[in-house]
2 protein chains.
Amino acid sequence: MIPASCERMRRHLPDKERSYTVPDMPSHLETPIPTHAQPVLCETELVAVLVSISNNTPHILTLDQGSAFPSGPLMVEHRSLQKGMRNWVEQQTGLKLGHTEQLYTFADPLHGRGHQMVRISYMAFIRQNCEHTLAERSIYDYFPWEDRRDRASDPLLHTIAGRLRHWAGDNPHRWQRCATVFGLDNHAWNDELSLQRYELLWEAGLVPESTWQNAPVLPGLRMHRDYRRILATALSRMRAKIRYTPAVFDLLPRQFTLLQLQQAMEALAGRAMHKQNFRRLVQQQKLVSRTAEYDSPTQGRPAQLYQFAPETAENCYLAGAKLPLPAIS
Amino acid sequence: MIPASCERMRRHLPDKERSYTVPDMPSHLETPIPTHAQPVLCETELVAVLVSISNNTPHILTLDQGSAFPSGPLMVEHRSLQKGMRNWVEQQTGLKLGHTEQLYTFADPLHGRGHQMVRISYMAFIRQNCEHTLAERSIYDYFPWEDRRDRASDPLLHTIAGRLRHWAGDNPHRWQRCATVFGLDNHAWNDELSLQRYELLWEAGLVPESTWQNAPVLPGLRMHRDYRRILATALSRMRAKIRYTPAVFDLLPRQFTLLQLQQAMEALAGRAMHKQNFRRLVQQQKLVSRTAEYDSPTQGRPAQLYQFAPETAENCYLAGAKLPLPAIS
DNA sequence: CCCATATATACTCATTAAGAGCATATATAG
DNA sequence: CTATATATGCTCTTAATGAGTATATATGGG
């Protein structure tokens, strides 16, 4: 049975982007704001999710034993939010940022202090092998169920399925949601749903940040505040982005082999791909051009080095061309 | 020739989401923030782009003769940004909101006042025929070139092409960009690129808000501040959203004919569609179910009324199913 | 020199989705 | 009874996708 504290948890759920009307969230029941209420001044914090690839796995740069992102307050001198974020990151790490995008803005009421904290999160890509002083952590240390490149995560998914079935109980709509989000019951696994999966686990009380008492929770590193939710947002966004954008190239070295490119895509998507089809499609799009150079391997035929062809970048982006993710069953 | 003031304009360009590294924006040339700088308190404003459909055309609800959106400051009492926005909208209009999503957060340095203004924009859908007191304005009054459902916009596009060609001059990369964004030279028109098109026109000095002197500009209503850019963001986002989300149903009446659904999609996408293919795909996805009722037309065979089938909503959203946009040449 | 190994390529084939067209059915107003 | 406006059914062609088989090319080690 679901304890009553579940309802309490529900009320603390962060705002969700729902793609359709949520009937059980009657906004007319909200307490109306008294008209004498005063607008407030806010502290504004810029949070940076810095993504890079090492060891064929997506990593983030963290502070405080993996539980925080680089961040800093918005200053008067900052001429835009993005520039402010870049300034803080440079100051803290000296890194140059590649593809950058705003993720989401949250409010955090600081009760009793008479003002709110607004937190604006960004995601930025960092080229492989850049030097910095921050600790790298695999994204999949935080969300072990999101890496489905091999069968290693199958037992975990099986555990999750069991817990969710228990949580769903006899609520068919709830189970329907679980099944589609986690690719159970004939549904296909959709890698872009990382955020929805995290939110579902949150609601089900299967992650430590939403658990009452000492209920058993799933493996996965925690973070401060709601940073883990920001990370889930980033994962969803980057998986969506690499599909119709040449953003991956900001994670790879300037020159790379097609296998490296494929492995980077696989690392981000958390899925293995069909090699021949991958190459076919990549080359169709003319996103890359071969260089004169070759990789120097320890063994085997040396791989041709390619580079990103920026002339076609705008082209690719705009024509809606996408890097293919031919899934492997 | 491009006057020097163009460079001045460029510096005021708002941050862009670029999908790849922009080589000509060397962030290491930014003035470093002095370490004695103080974090500041910000005024925070919540801005709402409220979208509805009337007359087979997407409209927005506006204030101040179409030049502003409903908005209000974030208050201490607001328990989240989205709830704050909903509160303001309800207070100003009494409307219930459908599909809601955060668009983007901007900063607006208030020089000399020692703090910044942070503006958080939301988009929300409003069901057809809802009553309210605000003025409705067609989105295409602001961006006439975005409505390509018939040949009426062809002359305008031709004008734009000429101006852009002049602006591009002998810079092939620049022209390449124009061609892909505006679907010139064999490129297909991509309706999701409204924001990129607006930004391009901004850079080219073809919209009044970026024009020096009395240079000739394109038709289209203006708005206060950078609200027109927010609207372009909203248009891009809604066009992207309706493709893989049942969000359209929050714009239609509870019961609708398939033709109404198609016309709503066409209105949002700004493109005409192939009727038979549209129906084929919509029904494949089981997104709608027929009701017992029929439309009462003035003439012709009465159309069957359908309703959104919410059981399959989660399904559709998550399986990546999409409402089809079969384009008509 | 030959071989195991790791990579790069070429080609085929079945299935499905998408774009576009033709034809017909059904109801209503006048 | 007819013009009109809608709803349907069905057929093509072409392109994209998923999956498989086979082969070529280079390297280091015996």
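Quick caveat, the model's predicted, so the values are computed rather than measured. Residue numbers here run from 1 along each chain, matching the order of that chain's written sequence. Written order determines the labels here, with chains lettered from A and ligands numbered from 1. Local features in a predicted model are, by the rule used here, given only for residues with pLDDT of at least 70; side-chain atom pairs are given and counted only at 80 or more, and totals for whole chains, interfaces and linings are based on all residues.

Moving on: the overall build of chain A. Numbered from the N terminus, helices here are DSSP runs of H or I no shorter than four residues, and strands are runs of E no shorter than two. Across its full length, chain A carries ten helices and nine strands. For the purpose of contact definition, each residue receives a C-beta atom placed from its backbone, and two residues are in contact when these atoms lie within 7 Å. Counting only contacts in chain A whose residues sit at least 6 apart along the sequence, the fraction spanning at least 24 positions is 64%.

The next thing to look at is helix H2 (residues 81–93) of chain B. The span you would expect from a helix comes to 1.5 Å times its residue count less one. In a regular helix each residue adds 1.5 Å, so 13 residues correspond to 18 Å; H2(B) covers 18 Å between its end C-alpha atoms and thus fits that length. Buried residues are those with 20 or more other C-beta atoms within 10 Å of their own C-beta, exposed residues have 12 or fewer, and partly exposed residues lie in between; C-beta atoms are placed from the backbone. Along H2(B), the residues classified as buried are B:Leu81, B:Gln82, B:Gly84, B:Met85, B:Arg86, B:Asn87, B:Trp88 and B:Val89. Each element contacted by the buried residues of H2(B) is listed here: strand S4 (100–110) of chain A together with strand S1 (41–54), strand S3 (71–73), strand S4 (100–110) and strand S5 (115–125) of chain B. Two residues or fewer past H2(B), B:Gly94 is found with a positive phi of approximately 75°.

Here the focus is the pairing of S4(A). Residues and elements named next belong to chain A. The element S4 is extensively covered by neighbouring structure, given that eight of its eleven residues are classed as buried. Here S4 runs beside strand S5 (residues 115–125); their pairing, made up of ten bridges, is antiparallel. Each residue of the ladder has a partner; that of Thr 105, found in S5, is Ile 120. Any two strands between which DSSP finds at least two bridges are classified as paired.

Residue and element names in this part refer to chain A. Taken together, three strands build an open sheet; the order of strands is S7-S9-S8 and the sheet is antiparallel. The open sheet has two free edges, formed respectively by strand S7 (255–256) and strand S8 (288–294), since each of these has just one partner strand. With four bridges joining them, S8 and strand S9 (residues 304–308) adopt antiparallel strand pairing. Each residue of the ladder has a partner; that of Val 288, found in S9, is Phe 308.

Attention now moves to the packing of helix H6 (residues 194–203) of chain A against helix H7 (residues 227–241) of chain A. Residues and elements named next belong to chain A. Following both chains from N to C, one finds H6 and H7 inclined at 150°, their axes separated by 7 Å at the closest point. As judged from the angle between their axes, H6 and H7 are roughly antiparallel. Contacts between H6 and H7 pair Ser 194, Leu 195 and Tyr 198 from the former with Arg 229, Ala 232, Thr 233, Leu 235, Ser 236 and Arg 239 from the latter. Throughout this entry, Asp, Glu, Lys and Arg are counted as charged residues, while Ala, Val, Leu, Ile, Met, Phe, Trp, Tyr, Cys and Pro are counted as nonpolar. The remaining residues, Gly among them, count as polar. Each residue belonging to the contact of H6 with H7 can be placed in one class, and the counts come to four nonpolar, three polar and two charged. Only C-alpha atoms enter the line fits that serve as axes; for helices the fit covers just the stretch in contact. Angles between N-to-C directions range over 0 to 180 degrees. When an angle is under 35 degrees it counts as roughly parallel; over 145 it counts as roughly antiparallel; between 65 and 115 it counts as roughly perpendicular; any other value is oblique.

Let us now look at the sheet that holds strand S9 (residues 304–308) of chain B. Residues and elements named next belong to chain B. With respect to topology, three strands assemble into an open sheet ordered S7-S9-S8, the strand pairing being antiparallel. Both edges of this open sheet fall to strand S7 (255–256) and strand S8 (288–294), since each of them pairs with a single strand only. Where S7 meets S9, two bridges bridge the pair, whose relative direction is antiparallel. Following the sheet pairing, Phe 256 is matched in S9 by Tyr 306.

Let's shift gears to the pairing of S5(B). All names here are of chain B. Most of S5 is tucked away: nine of the eleven residues are buried. The pairing of S1 with S5 spans ten bridges and is classified as parallel. From the neighbouring strand, Ala 48 faces S5, where its bridge partner is Tyr 122.

Bringing unusual backbone geometry into the picture now. With glycine set apart, most residues show a phi of negative sign, and most peptide bonds adopt trans. Residue and element names in this part refer to chain B. Although it is not a glycine, Asn 56 adopts a positive phi angle of roughly 55°. Using a count of 11 C-beta atoms within 10 Å as the deciding quantity, one classes Asn 56 as exposed. Residue Arg 225 is not a glycine yet carries a positive backbone phi of 45°. Taking the number of C-beta atoms within 10 Å as the measure of exposure, Arg 225 has 16 and is therefore partly exposed.

Before going further, it helps to spend a moment on H7(A). Taking 1.5 Å of rise per residue, 15 residues should cover 21 Å, and H7(A) covers 21 Å from first to last C-alpha, within 8% of that figure. Of all 15 residues making up H7(A), 13 are buried, and the element is well covered by its neighbours.

Residues and elements named next belong to chain A. Mapped onto the secondary structure, Ser 289 falls in strand S8. Here Ser 289 falls in the partly exposed class, since 13 other C-beta atoms lie within 10 Å of it. C-alpha of Ser 289 to C-alpha of Met 223: the two residues are 66 residues apart in sequence and 41 Å apart in space. Beyond its immediate stretch of four places on either side in the chain, Ser 289 contacts Tyr 306, Gln 307 and Ala 309.

With that settled, the discussion passes to the environment of A:Lys83. By the element assignment, A:Lys83 lies in helix H2 (residues 81–93). Note: C-alpha distance between A:Lys83 and A:Leu200 (117 residues apart in sequence) is 34 Å.

Glancing now at the packing of helix H4 (residues 154–168) of chain A against helix H5 (residues 172–182) of chain A. Residue and element names in this part refer to chain A. H5 packs onto H4 with a crossing angle of 165° between their chain directions and a minimal axis gap of 9 Å. One finds that H4 runs roughly antiparallel with respect to H5. The interaxial crossing formed by H4 with H5 has right-handed handedness. Mapping the contact onto sequence places Leu 157, Ile 160, Ala 161, Leu 164, Arg 165 and Ala 168 in H4 and Arg 174, Trp 175, Cys 178 and Phe 182 in H5. Classifying every residue of the contact of H4 with H5 by side-chain character gives eight nonpolar, no polar and two charged. Each crossing gets its hand from how the near helix is turned against the far one by less than a right angle, where anticlockwise is left-handed and clockwise is right-handed.

This brings us to the confidence of the model for chain A. All names here are of chain A. For every residue, the predictor reports its confidence as pLDDT, a number between 0 and 100. Here chain A averages 82 in pLDDT, and 80% of its residues register 70 or above. Taken element by element, the predicted model of chain A shows its lowest mean pLDDT in helix H1 (residues 5–11) (44) and its highest in helix H3 (residues 139–142) (98). Scored below 50 in pLDDT, residues 1–14 shows ten contacts in the model against residues more than four places distant or in partner chains. Note on residues 16–36: pLDDT is under 50 here. Beyond four places in sequence and across chains, it has 23 contacts.

All names here are of chain A. For Arg 239, the location among the structural elements is in helix H7. Measuring from C-alpha to C-alpha, the distance between Arg 239 and Val 282 comes to 17 Å, with 43 residues separating the pair along the chain. With near-sequence residues (within four places) excluded, Arg 239 lies in contact with Asp 191, Glu 192, Ser 194, Leu 268 and Ala 269.

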